[in-house]
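# Summary of the model geometry
Chain by chain, the residues:
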Amino acid sequence: MKSAAGSLLAILIAISWLPAVLDAGEALEQLTHDGLLKRDPCYAPGAGSIVFASRHRSPRMVLLRLDLESGTLSRVNPDSNLVELAPSYSADGGFFCFQRLTGNDETAFVIQQTEPTAVRQLTGSRKVNWNVRISPLGNEVAYNLSGQIYLRSLKTDKEMKLTGSAGRNDWPGISPDGKQVAFSSSRDGNYEIYVMQRDGSNEQRLTTAEGLDMRPRWSPDGKRLLFTSNRDGNYEIYQVGIDGSGLQRLTDHAERDDYASWHPDSGQITWVREREGRFDLYRMPLPKQAR
Amino acid sequence: MFQIGSFRAGGCRGTSRRAFLQASCGLPVLGSSLLSAEKPALSQARSVILLWLWGGPSHLDTFDPKPAAPATIRGPFSTIGTQIPGIRFSELFPRLAARNDRFSLVRSNVNHSNAHHVAGSIALCGSPGRGGDKDYDPNFGSIVQRLHRGRQDLPPFIAVGPGHLNTAAGDIKAYGGGSWGPAFDPFPVRCSEMDDVQLPSLKLLEGQTLARLSDRSRLQRELENIRRMENHSYSSQWSNHFQRAHRLVTSEEGRQVFDLASEDSQTRGRYGHTQFGQSCLMARRLAEVGVPYIQVNWSEYVENIYDNRTDFGWDTHWLNFENMAERHGPILDRSLSALLDDLQQRGLLDSTLVVAMGEFGRTPSISANGGRNHWKRCYFSLWAGAGIQPGRVVGGSDPHGNDPLSDPVTPLMVGTTIVDQLGINREQRARLRVLPGGELIEQLL
C-alpha cells in the first residue's frame, strides 16, 4: 500500500513538473517559412505586425516587418545597408528603437519618433552598447555596456549606471510602469534572472539554476517574465512571476527555442523556433495554467 | 533544377537570371566508382576538412573552461560534463560534449603572433613569414594540391566559405600558395544558408552555354582575351581557377557534387541552415568524392562587429559572451556535431581527418570592454577521424588558461601532422622545402 501511495505521489510530482506546453498542437502557428536565422521579434503597437531581425533577401541581418494579416514581409529601413538588431517599441507606439552596427566594434542606437516625426542616432559613452530596449513609457532606453546595465534618458541624454557587480549584467528590460528593470547577471556564478528598481536599488534574484537564464521580457501586465534557459540541456522558453514564483517551462524540444516576446494582451507568445535546423517565428496562446 | 554560376540548391524552383547553364534535376547520383575509392591505410587520411574559426575563439569559453578561476577569468558560463570523465566543456557545447569520445582535443596550442593576419598566416602554413609579414610558405592545402595525383576534374584544395579571409588591418597572406604563387590558392566555393552555392571562378562564364563551354578552342580564345584585359598575375590566377572551373562544369560528376539539393532535407537540417552549417555539409560531400583538402571558413572577416561587413567572426573584443551564447556556440556545436555524425554514419570518418581551430585563443582575463583580447600563448584545436585516437586530451593549460603546462603544440606541428596523415612524408616535405623539421603531435596518433 505504501508502495502504491509512493508511486502515486511520484507520478503526481512528475506531472507537476511537466512543461506547461509539451506540444501546442493546433494552437501553434508558424508565422514565417523561409527558415533563415532570426532573432529579437517584437509586436508593433496594435499587434498587427511583428518586427524582427533576419537575413531575408539581404546579405546581412536587417529589421523586417511581418504583416500578420497578409503575411507579407518588408524591410523596416529599406535604404540602410548596416546590420540592424534589437527592435523595441514604447507601449503607445510613439517611439521605436533599434540597434545598428556602425563600424569596427562600433554600434549606435536609433530612436524613431512618430509624432512629430523625428529620428535620432545615439552613440553611447563607449563604442559598443548592446541589447538596447526602449522603456514602454518611451522616455528612456536600457542597454548593456561592457557587462553593466545603463539607463539613458531620451530627454536629457543623461546616462545612469544601474549595476556595478562582479560578473556580467546583460539583457535589460524596463517594466511597463517604468519603475523596474529586469536583467540577467552572472554575479553568483552563472546567468540568472534579476529585477531591480530603476535607480539600481533593491536587486532581487528570481531564478536559481545550473545553466544560462537570459533575455527576460516583461509581460504587458507587468506580472511575469519570459526568458530563455538551457537548464534542461538546450535553449527553451520559460516564464516566472516577478516575485520569483510560478516558474514554468513553456517549450520542450531537442532543438533551440529562443527570443520570446509577449503579445500585447499577455495571453500569447511569439518566439524563434529552430526545427530541422531552420529558424522561423511561431506563436501560441499560453495555456490557462500558464497565465 | 540546379544552376551553374550561381547554383541554386533548393530543388526545382525555376531559372535565375544569372544562370548561364541549366541541367535537369534528374542527374544520377555520384558515380559509385567515386564512392568506392580504395580505402587508405588505417593511419592515413584520404581527405582533410579544416574548420577555420577565423578571429580566434576563446579557449576558456569553449573547450578549456576554468570553473575554479575568479569571475574575471572564468566568465559567466557554466560547465558541463562530457563522455570523458574529468573533462568538462562550456555549457554552450552540449552536443559536442556528448560526442567527445569520438574526437580528441589539444589544449596546448601556441602561436607566434597576436595579430590576426600574421597569426592566421602562420597557423595555415606552419611558419612565420620571411621579410616580416610578406613571404609565407604555402598553405597546408597548397602542399596537398601540388602533390595531388588523384582525379583531376575536381580541385584538390577547396575553400568553402563567404570569401577570402580578411581583417580590418588587411587580408591574410598564407590563404593559399604563398611563396608558390596564386596558382596554388584554394578553389573558392560559397554556400548560403539555404539555396545558393556559388563558384566565384565561374562568374567569367556568365551567359555561356554548355556547347560553348565544351568548345575548348573557343574557351582558349576567351581566356586569351581575359589575359589581355587584366594584368598578368591576376589573370593567371583566374585562368588557373577558370580552367579548374571549366573541368568542373563540363564534368557531370563535378557539377553534381556542388548540388546541395540532392541531400535530403533531414541531413541538411542536422547541419543547421546557417552559412557555416551548410558549408560543413558541402565539405562532407567534397570529402566523399575524394577532394583531399577542404578548408571551411567560419567568416570572411575576423571582426565580430564591422559595419555592413559584419559576418560575426570570432574576434570578440566586445560582446564575447553575448555572441558566444547567441550565435557562435550554438552554431559551432550543431554543425561540427552533425559533421562528425554524418562522416561516421557514412563510414568516412576513418578516412577523413577533421580539424577545428582558429589562429589563437583569447585572453583569460576579461577586458574592461567586457570581451577577451588576442592570446597567442594558449588555445585549442579539435581533432577527429583518420589516424586520430579519439577521446584524448593533449596538453593542458594552467589554472587560468594562460600557458600550456605541458606538450606545447606549434603551428608547424599542426601542419606536419595534417599533411602526414594524408601520406605526405618527411622526404616529400623536405624536397618541397615545406614544414622544415616539423614533428608530429604523437599524442594524437
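Residues numbered from 1 in each chain as written. Chains lettered and ligands numbered in written order. Predicted model: local features only at pLDDT ≥ 70, side-chain atom pairs only at ≥ 80, totals over all residues.

### Focus: the overall build of chain B
Looking only at helices and strands, chain B features 14 helices and 20 strands. Within the span of chain B, comprising 445 residues, buried residues form 58% of the whole. Residue pairs at least 24 apart in sequence account for 71% of intrachain contacts in chain B once pairs closer than 6 positions are excluded. (Helix = DSSP H or I, 4+ residues; strand = E, 2+ residues; numbered from the N terminus. Buried ≥ 20, exposed ≤ 12 C-beta atoms within 10 Å, placed from the backbone. Contact = placed C-beta atoms within 7 Å.)

### Side note on the nonpolar core
All names here are of chain B. Within the largest apolar cluster, 177 residues are counted, with the highest numbers of intra-cluster contacts made by V48, I294 and V355. The element best represented in this core is helix α12 (residues 320–345), accounting for 10 residues. When residues no more than four places from it in sequence are discounted, the contact partners of V48 are P292, Y293, I294, L353, V355, I418 and L422. (Core = buried A, V, L, I, M, F, W, Y, C linked by C-beta atoms within 7 Å.)

### Things to note about the confidence of the model for chain B
This prediction gives chain B a mean pLDDT of 84; 80% of its residues lie at or above 70. Scored as a whole, the predicted complex attains pTM 0.88, and scored at its interfaces, ipTM 0.89. (pLDDT = per-residue confidence, 0-100.)

### Let's talk about the confidence of the model for chain A
Summing up the model confidence of chain A, the mean pLDDT is 89 and the portion of residues at 70 or higher is 89%. Note on residues 8–23 of chain A: pLDDT under 50 across the span, and 15 contacts to partners over four residues away in sequence or across chains.

### Side note on the interface of chain A and chain B
Each partner contributes to the interface: chain A provides 35 residues, whereas chain B provides 35 residues. With three residues, strand β7 (residues 95–103) of chain A is the largest single contributor of residues to the side of chain A that touches chain B. Taken together, the residues of the side of chain A that touches chain B break down into 11 nonpolar, 16 polar and eight charged. (Nonpolar A, V, L, I, M, F, W, Y, C, P; charged D, E, K, R; others polar.)

### Overview of the environment of H317(B)
For H317(B), the position within the fold is in the loop between β13 (293–297) and α12. The buried category is assigned to H317(B), around which 22 C-beta atoms lie within 10 Å. For the pair formed by H317(B) and G371(B), sequence separation is 54 residues and the distance between their alpha carbons is 4.5 Å. For H317(B), the residues in contact, after removing those within four places along its chain, are D105(A), S367(B), N369(B), G371(B) and N373(B).

### Side note on the packing of helix α11 (residues 275–288) of chain B against α12(B)
Residue and element names in this part refer to chain B. Their axes nearest at 9 Å, the elements α11 and α12 cross at an angle of 20 degrees. On the basis of the axis angle, α11 is roughly parallel to α12. Handedness of the crossing formed by α11 with α12: right-handed. Here α11 contributes F276, G277, C280 and R284 to the contact with α12, which in turn contributes I331, R334, S335, A338, L339, D342 and L343. Looking at the contact of α11 with α12, its residues break down into six nonpolar, two polar and three charged. (Axes fitted to C-alpha atoms, helices over the stretch in contact; angles between N-to-C directions. Parallel < 35°, antiparallel > 145°, perpendicular 65-115°, else oblique. Left-handed = near helix turned anticlockwise from the far one by under 90°.)

### Considerations on helix α13 (residues 411–421) of chain B
The periodicity of an α-helix, 3.6 residues per turn, causes residues three or four places apart in sequence to face the same way. All names here are of chain B. α13 sits mainly inside the fold: 11 of its 11 residues count as buried. Of the residues making up α13, those classed as buried are P411, L412, M413, V414, G415, T416, T417, I418, V419, D420 and Q421. Contacts made by the buried residues of α13 are with β4 (47–52), α4 (116–125), α5 (140–147), β14 (352–357), β17 (379–385) and α14 (426–432).

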